[in-house]
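Working through the structure, step by step
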Amino acid sequence: MSITFQVAKRSTCDRAQVGSIIVKDRRILTTGYNGAPAGLPHCDEIGHLMINGHCVRTLHAEQNAIIQAALHGVGVAGGVIYVTHQPCLTCAKMIINAGIVRVVYAGHYPDPNAVEFLREASVSLSPHPAPGLSPAESA
Ligand SMILES: [Zn+2]
Ligand SMILES: [Zn+2]
């Protein structure tokens with residue numbers, strides 16, 4: 001989990017610095033942090049792109065970790081994803097269809113639908129306090 005927080009430091013959107021890593025058989029397969037698509041300007045260069053109170057310029061950390069696996073032809077089915085924050089609904093749906101079987105997350109994110117979807121799909125959810133932080137502080 002501390003590696004996941006290191007990855008989050010690369011985030012280019014300071015509204016939420018999120019990191020994720022996908023692990024299988026005790027090996028890190030891919031990593032991701034939230035940022036603009038490759039080759040496009042980032043929030044820390046040109047500002048956020050706000051719609052309905054959310055910055056929509058970025059791909060989420062979980063999405064980038066899954067895309068990186070697709071890009072390099074790495075199988076993540078049966079893997080575990082570590083995330084600094086609880087996944088949102090879109091990420092939860094991608095995690096389910098990527099065949100990831102467990103989500104370990106530190107901070108809370110207010111999306112009860114995401115939790116419900118993951119539970120229904122039998123993806124196990126493991127809250128894990130951030131290194132050196134209480135779960136409340138890391139939310
Ligand atoms: Zn942003
Ligand atoms: Zn997300």
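All of the points below concern the structure found in this document.

The rules behind each value
Residues numbered from 1 in each chain as written. Chains lettered and ligands numbered in written order. Predicted model: local features only at pLDDT ≥ 70, side-chain atom pairs only at ≥ 80, totals over all residues. Helix = DSSP H or I, 4+ residues; strand = E, 2+ residues; numbered from the N terminus. Rg over C-alpha atoms; globule rule 2.2 N^0.38 Å. Contact = placed C-beta atoms within 7 Å. Pairing = 2+ DSSP bridges. Axes fitted to C-alpha atoms, helices over the stretch in contact; angles between N-to-C directions. Parallel < 35°, antiparallel > 145°, perpendicular 65-115°, else oblique. Left-handed = near helix turned anticlockwise from the far one by under 90°. Nonpolar A, V, L, I, M, F, W, Y, C, P; charged D, E, K, R; others polar.

Focus on the overall build of the chain
- A count of helical and extended segments in the chain gives 6 helices and 7 strands.
- Helices and strands appear in the chain in the N-to-C order α-β-β-α-β-β-α-β-α-β-α-β-α.
- Over its C-alpha trace the chain gives a radius of gyration of 14 Å, about what one expects of a compact globule, namely 14 Å for 139 residues.
- Here the C-alpha coordinates of the chain stretch approximately 40 × 35 × 30 Å along the principal axes.
- Look at the contacts in the chain between residues 6 or more apart in sequence, and 51% of them connect residues 24 or more apart.

Looking at the sheet that holds strand 7 (residues 124-127)
- In spatial order, the strands read 2-1-5-6-7; together these 5 strands make up an open sheet with mixed pairing. Each end of this open sheet is capped by a strand with a single partner; those strands are strand 2 (27-33) and strand 7. Across this sheet, the average inter-strand angle for adjacent strands is 20°, counted without regard to direction.
- Examined bridge by bridge, strand 5 (residues 80-85) and strand 6 (residues 102-107) share 5 bridges and lie parallel to one another. Paired with Ile81 across the strands is Val103, a residue of strand 6.
- Relative to strand 2, helix 3 (residues 61-72) is tilted by about 130°, and along the sheet it contacts strand 1 (19-24), strand 2 and strand 5.

As for the packing of helix 4 (residues 89-97) against helix 5 (residues 112-120)
- Two numbers describe how helix 4 lies on helix 5: the axes approach to 8 Å, and their chain directions differ by 15°. Judged on the interaxial angle alone, helix 5 and helix 4 are roughly parallel. Considering the relative orientation of helix 4 and helix 5, their crossing is right-handed. In this structure, helix 4 uses Leu89, Ala92, Lys93 and Ile96 to contact helix 5, whose residues at the interface are Asn113, Ala114, Phe117 and Leu118.
- In terms of residue class, the contact of helix 4 with helix 5 is built from 6 nonpolar, 1 polar and 1 charged.

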